[in-house]
Amino acid sequence: MTALPLVFDAPRRGLPPRHLADMSADERRAAVTELGEKPFRANQLSHHYFARLTADPDLMTDIPAASRGRLAETLLPPLLSPVRHISCDDDATRKTLWRAHDGTLLESVLMRYPDRVTLCVSSQAGCGMACPFCATGQGGLQRNLSTAEIVDQVRAAAAAMRDGDLGEPGRLSNIVFMGMGEPLANYKRVVEAVRRITEPAPNGLGISQRSVTVSTVGLAPAIRKLADEKMQVRLAVSLHTPDDELRNTLVPVNNRWSVDEVLEAARYYADTSGRRVSIEYALIRDINDQPWRAGLLAKRLRKHLGQLVHVNVIPLNPTPGSQWDAAPKPVEREFVRRVNEGGVACTVRDTRGQEIAAACGQLAAEG
């Protein structure tokens, strides 16, 4: 079995130089002062990056030209460059392959719906959780992303919507940490990224915490730690089966934290935040789609979470080399019916981007 990380926050090895988005407002002012500039220059830089959504010093005409280059070079080092964009769903879904400063590749997915615009953001390059039905997990973990590398995906998406890259100009409204990586295995930087994403301009991008979802395969201690941050983000737990025997195989981290431990931590999160927890369930033909598992899922969720839960059934998306496929639609409908009959709200998630390998479990960042 692939070894799993034992810590929630790895060292900075391989990460880019420190960036404005890595810093708090006080740290930005201190950094600017160290360069011999007035502290208010930090607010000007922050306004350009977070409100005007640009890191181009040539556009920062309110900053003297003599200072502009040095400030940008020190506080706005290049983070991600787009390798390619691929679109589908009549250009309503766009996957971007990014190259980081060290050549690391990662992907994000921007999705436009009638009532919202959602960005699926990556928190790691690759993933160390080794779930066998997920292309990202099968590729292994390259490294954590920095806070700023996470935030820069969001800034770029917000700029793309403003500029009409997906049709009519619009506004980025929702962020889901469901791209590459296990967010809670990069805990400190993900939490800092959420704060930058949700702080009002000029200190952040101003997206509501209630419009941010953090997904996890079930790192129980980190779920409790996230609860204690007292934020209003939604927690999504990738459960995929209600029984430990199968989950030990589908989600290997279950060998460390059982289904009961994960659901107890999720209940703590729900009680602390006041927010309903989402349970993600990738439905796999003849593996986890049996009616008795639907009944057991409802029973265990009702026991641990009561009404503070909603199940998202996800038809399994195809990945290269996988011997598994999605459950047939009649089986899917029966599974959903059984969970609802068991007293737990359950719906099928709208799947986007499957034909461009941009759907759940398909991100692989191949150059």
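The text that follows walks through the structure, step by step, so that each part is easy to find.

What counts as what
Residues numbered from 1 in each chain as written. Predicted model: local features only at pLDDT ≥ 70, side-chain atom pairs only at ≥ 80, totals over all residues. Heavy atoms only, no water. Helix = DSSP H or I, 4+ residues; strand = E, 2+ residues; numbered from the N terminus. Buried < 20%, exposed > 50% of the residue type's maximum accessible area, 1.4 Å probe, protein only. Core = buried A, V, L, I, M, F, W, Y, C linked by side-chain atoms within 4.5 Å. Contact = heavy atoms within 4.5 Å. Expected span 1.5 Å × (residues − 1). Axes fitted to C-alpha atoms, helices over the stretch in contact; angles between N-to-C directions. Parallel < 35°, antiparallel > 145°, perpendicular 65-115°, else oblique. Nonpolar A, V, L, I, M, F, W, Y, C, P; charged D, E, K, R; others polar. Polar contact = N/O pair within 3.5 Å; in protein donor to acceptor, adjacent residues only side chain to side chain. Phe/Tyr/Trp six-rings, centres within 6.5 Å; stacked < 30°, edge-to-face > 60°.

### Overview of unusual backbone geometry
Put simply, A201 and P202 share a cis peptide bond, and its omega is 10°. One can find P202 in the loop between helix 6 (187-198) and strand 8 (212-216). Its identity as a non-glycine residue notwithstanding, D89 has a phi of 55°, on the positive side. Relative to the helices and strands, D89 is located in the loop between strand 1 (80-88) and strand 2 (93-100). For D89, a relative accessible area of 27% corresponds to the partly exposed category. Even without a glycine there, the phi angle at D286 is positive, about 60°. Residue placement: D286 occurs in the loop between strand 10 (277-283) and helix 10 (291-305). A relative accessible area of 60% places D286 in the exposed class.

### A few points about the nonpolar core
The tendency in soluble globular proteins is for nonpolar side chains to be buried as a group. Judged by nonpolar contacts, the single largest core of 104 residues is most densely connected at L172, I175, F177 and V311. Sort the elements by how many residues they give to this core and helix 5 (residues 147-162) lands first, with 10 residues. With near-sequence residues (within four places) excluded, L172 lies in contact with L110, V117, T118, L119, V154, A157, A158, M161 and I207. In terms of nonpolar packing, the next biggest core, distinct from the first, is built from five residues, V109, M111, Y113 and V176 among them.

### Considering the environment of P315
Considering the arrangement of structural elements, one finds P315 in strand 11 (residues 309-315). For P315, a relative accessible area of 15% corresponds to the buried category. A sequence separation of 14 residues divides P315 from K329, and the C-alpha atoms of the two residues are 8.9 Å apart. Those residues within four positions of P315 in sequence are excluded, and the remaining contacts are L283, A326, K329, E332, V348, R349 and T351.

### Some words on helix 2 (residues 40-51)
A rise of 1.5 Å per residue sets the reference length of helix 2, with its 12 residues, at 16 Å; its end C-alpha atoms lie 16 Å apart and thus fit the reference within 8%. When helix 2 is considered as a whole, its buried residues turn out to be R41, A42, Q44, L45, S46, H48, Y49 and F50. Looking one or two places after helix 2, you find L53, whose phi comes out positive at around 65°.

### Details of the packing of helix 7 (residues 220-227) against helix 9 (residues 259-273)
With their axes 9 Å apart at the nearest point, helix 7 and helix 9 run at an angle of 5° to one another. What the angle tells us is that helix 7 and helix 9 run roughly parallel. Here A220, I223, R224, L226 and A227 of helix 7 come into contact with helix 9, specifically with E261, V262, E264, A265, A266, Y268, Y269 and T272. Considered class by class, the residues forming the contact of helix 7 with helix 9 number nine nonpolar, one polar and three charged.

### Some points on the side chain of D152
Turning to its location among the elements, D152 is positioned in helix 5. D152 sits in the buried class, given a relative accessible area of 7%. Within polar-contact distance, the side chain of D152 engages the side chain of R155 at 2.8 Å. What D152 contacts, discounting residues up to four positions off in sequence, is Y49, L79 and L80.

### What to know about the packing of aromatic side chains
Under the counting rule described, the total for this entry stands at two aromatic pairs. An angle of 90° between the planes, with centres 5.0 Å apart, marks the rings of Y49 and F50 as edge-to-face. Residue classification places Y49 among the buried residues on the basis of a relative accessible area of 0%. Take F50: its relative accessible area is 3%, and that puts it in the buried class. With centroids separated by 4.8 Å and ring planes inclined at 40°, the aromatic side chains of Y281 and F335 adopt a geometry described as tilted. Of this pair, Y281 sits in strand 10 while F335 is found in helix 11 (residues 329-341), placing the two residues 54 residues apart along the sequence. The same class applies to Y281 and to F335, which are both buried.

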